[in-house]
Amino acid sequence: MASAWAQAPASLGAAPQRTVTQLYQQHCAACHGEQRLGGMGPALLPESLARLKKPEALAVIRDGRPATQMAGFGAQLSEAELKALGEWIYTPVSPAPRWADADIRTSRVETAGWKDWPAKPQWRADPMNLFIVVEGGDHHVSLLDGDKFEVIHRFPSRFALHGGPKFTPDGRYVFFGSRDGWITKFDLWNLKTVAEVRAGINMRNIAVSGDGQWVMAANYLPHTLALFDADLNLVKTYEARTQDGARTSRVSAVYDAEPRKSFVIALKDIAEIWEISYDRQAPPIYDGFVHDYKMAEGLPKDGFLGVRRTPLAEPLDDFFFSPNYAYALGASRPHDDGSPSGQVVNLDARRKIATLPIAGMPHLGSGITFDHGGRRVMASPNLKDGRISVIDMQTWQLVKDIETPGPGFFMRSHEATPYAWVDSMMSPKAKDTLTILDKRTLAPVAQVREPGKTLAHIEFTKDGRYALASVWENDGALVVYDASTFKEVKRLPMKKPVGKYNVFNKITRSEGTSH
Ligand code: DHE
């Protein structure tokens with residue numbers, strides 16, 4: 001600990017260095033950890049604060065964060081002290097923090113007696129038409145009855161959840177991942193937390209295996225994947241390291257490829273895709289791509305829970321999969337010359353087989369598939385340009401670029417509707433507009449707007465009759481639209497409802513939503 005404080009930079013404004021470290025120890029360390037790795041409060045590291053602007057952080061230190069344990073220190077500290085603390089938490093901790101297997105195991109907590117909780121919902125509503133709504137404004141989760149559009153339950157979440165929550169196949173348990181590494185297993189039928197574990201310091205997302213037996217976490221810090229059983233007991237960690245052992249990489253994301261009984265992994269800094277099978281019958285891995293102690297002994301690597309590498313020309317870190325998961329569609333960083341940055345990788349042949357004709361910054365992870373004119377197409381928003389690219393999934397050719405009012409993050413549809421909904425939340429001018437596209441004609445047919453506010457992220461009810469969107473503001477709302485008339489039918493106040501997830505659509509892997 002002492003070394004971390006000793007290396008704090010001196011340029012912290014009026015407050016001298018010792019004062020900053022002492023202030024932190026006195027007022028912050030009890031909740032945020034002595035090394036700023038987090039505790040009851042979130043980690044205060046540059047990596048975990050990258051998305052919080054400094055003035056916002058200062059406001060939280062001064063005024064506190066409503067509906068959390070974070071008190072305001074405006075009355076106890078001078079403006080210079082507040083500012084010094086606000087600056088200091090954005091400086092790196094040195095030496096870089098470590099998070100080893102023992103730390104993961106020690107962090108695990110479990111609610112006593114959870115195995116005896118009743119095996120049926122303790123509330124009246126269709127458990128399959130339940131929505132999980134992540135409210136980022138005050139870090140809470142609301143559970144919504146998808147027939148009556150009424151909140152059944154609301155509870156505090158870990159700080160800054162990211163990525164979609166993941167479900168067990170029966171829809172009973174949901175797993176949440178937070179940016180600072182916490183995984184929470186929650187029993188939706190009993191409305192109680194089962195267990196929590198901290199998988200890393202800066203985590204990207206989690207995946208739950210199709211059989212509900214495994215949970216995998218992808219970390220930026222440390223450069224690891226962490227594999228857990230369904231009760232969040234650590235099974236093993238994998239270091240994301242190059243074949244020659246020379247370099248490690250941040251892990252961008254992990255996805256469950258249920259038909260393959262495997263996790264597919266995107267790496268940020270290494271030009272490889274990894275696949276880790278959870279099939280106990282998986283054949284051994286014999287190929288020369290494998291860097292493993294067993295290869296050194298001339299033995300094949302275990303197929304079950306072993307790493308299969310697919311080498312690529314450049315790292316791909318945003319994925320979409322063909323419906324049978326034979327192909328991964330990946331995007332790399334945008335190319336300077338504007339050439340397409342998307343690739344199609346055959347996961348069995350283990351090589352790139354096509355270039356995706358999409359330039360800019362396709363957000364493949366938010367794409368959808370549907371049938372169009374007798375062929376299966378995928379459609380993806382673009383974070384840089386206001387357009388939706390529709391790609392033929394057999395020829396990998398562009399079918400059409402559909403113009404939208406501005407670049408967007410999320411696109412959603414449902415088997416039971418001819419329409420797809422897309423936001424333009426990356427555009428300052430059009431962030432308040434959802435565009436509705438006809439999947440038959442590939443043309444925009446309508447818009448819904450929330451003037452001056454951000455309107456984004458759509459999810460359908462189980463039957464596809466209603467589309468739910470977020471007014472993405474701290475004093476925001478969840479807006480329910482009739483999916484065929486596009487008329488608003490209900491509005492519920494919510495605090496920055498970042499994302500919403502329908503249990504049935506997720507566990508049945510609806511073609512119109514993320515998995
Ligand atoms: Fe996300 C999902 C990556 C920024 C909200 N985001 C995902 C997934 C990935 C990803 C890989 C799929 C994982 C999963 O669901 O298991 N996101 C990234 C980024 O690389 C990026 C651009 C930069 C970053 O800082 O991480 C990024 N994401 C954002 C945001 O700024 C968003 C809009 C607000 C936020 O709270 O962070 C955001 N990402 C989301 C949401 C999902 C998501 C709501 C789940 C969507 C779904 O419907 O499944």
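Everything that follows concerns the structure shown earlier in this document.
Residues numbered from 1 in each chain as written. Predicted model: local features only at pLDDT ≥ 70, side-chain atom pairs only at ≥ 80, totals over all residues. Heavy atoms only, no water.

### Considering the overall build of the protein
- Across its full length, the protein holds eight helices and 33 strands.
- Expected size for 515 residues packed as a compact globule is a radius of gyration near 24 Å; at 23 Å, the protein falls within 12% of this value.
- Overall size of the protein, expressed as C-alpha extent along the three principal axes, is 70 × 65 × 55 Å.
- Burial statistics for the protein: of 515 residues in total, 57% are counted as buried.
- Of all intrachain contacts in the protein linking residues separated by at least 6 positions in sequence, the fraction that spans at least 24 positions is 49%.
- Carbon and sulfur atoms provide 51% of the accessible area of the protein, an area that totals close to 21,400 Å².
- Placing the 62 positive and 59 negative side-chain charges of the protein at their respective mean positions leaves the two points 1 Å apart. (Helix = DSSP H or I, 4+ residues; strand = E, 2+ residues; numbered from the N terminus. Rg over C-alpha atoms; globule rule 2.2 N^0.38 Å. Buried < 20%, exposed > 50% of the residue type's maximum accessible area, 1.4 Å probe, protein only. Contact = heavy atoms within 4.5 Å. Areas by Shrake-Rupley, 256 points an atom, 1.4 Å probe, with all protein chains shown as cover. Lys, Arg positive; Asp, Glu negative; His and termini not counted. Charge placed at Lys NZ, Arg CZ, Asp CG, Glu CD.)

### A word on the packing of aromatic side chains
- What the rule picks out here adds up to 18 aromatic pairs.
- Where Trp214 meets Phe304, the ring centres are 6.1 Å apart and the plane angle is 65 degrees; that geometry is what we call edge-to-face. Separated by 90 residues along the polypeptide, Trp214 in strand 10 (residues 214-221) and Phe304 in the loop between helix 7 (293-296) and strand 16 (307-311) bring together distant segments of the chain.
- Residue class for Phe304 comes out partly exposed when judged on its relative accessible area of 22%.
- Between the aromatic rings of Phe409 and Phe410, the centroid separation amounts to 5.0 Å while the plane-to-plane angle is 40 degrees, which identifies the pairing as tilted.
- Classification of Phe410 as buried rests on a relative accessible area of 14%.
- Chaining the aromatic ring pairs together yields one cluster made of Tyr419, Trp421, Phe460, Tyr481 and Phe486.
- Of note, Lys185 hangs over the ring of Tyr173, and the distance from its end group to the ring centre comes to 4.3 Å.
- One cation-aromatic arrangement involves Arg440 over Tyr419; the distance from NZ or CZ to the ring centre is 5.9 Å. (Phe/Tyr/Trp six-rings, centres within 6.5 Å; stacked < 30°, edge-to-face > 60°. Lys NZ or Arg CZ within 6 Å of the ring centre and 35° of its normal.)

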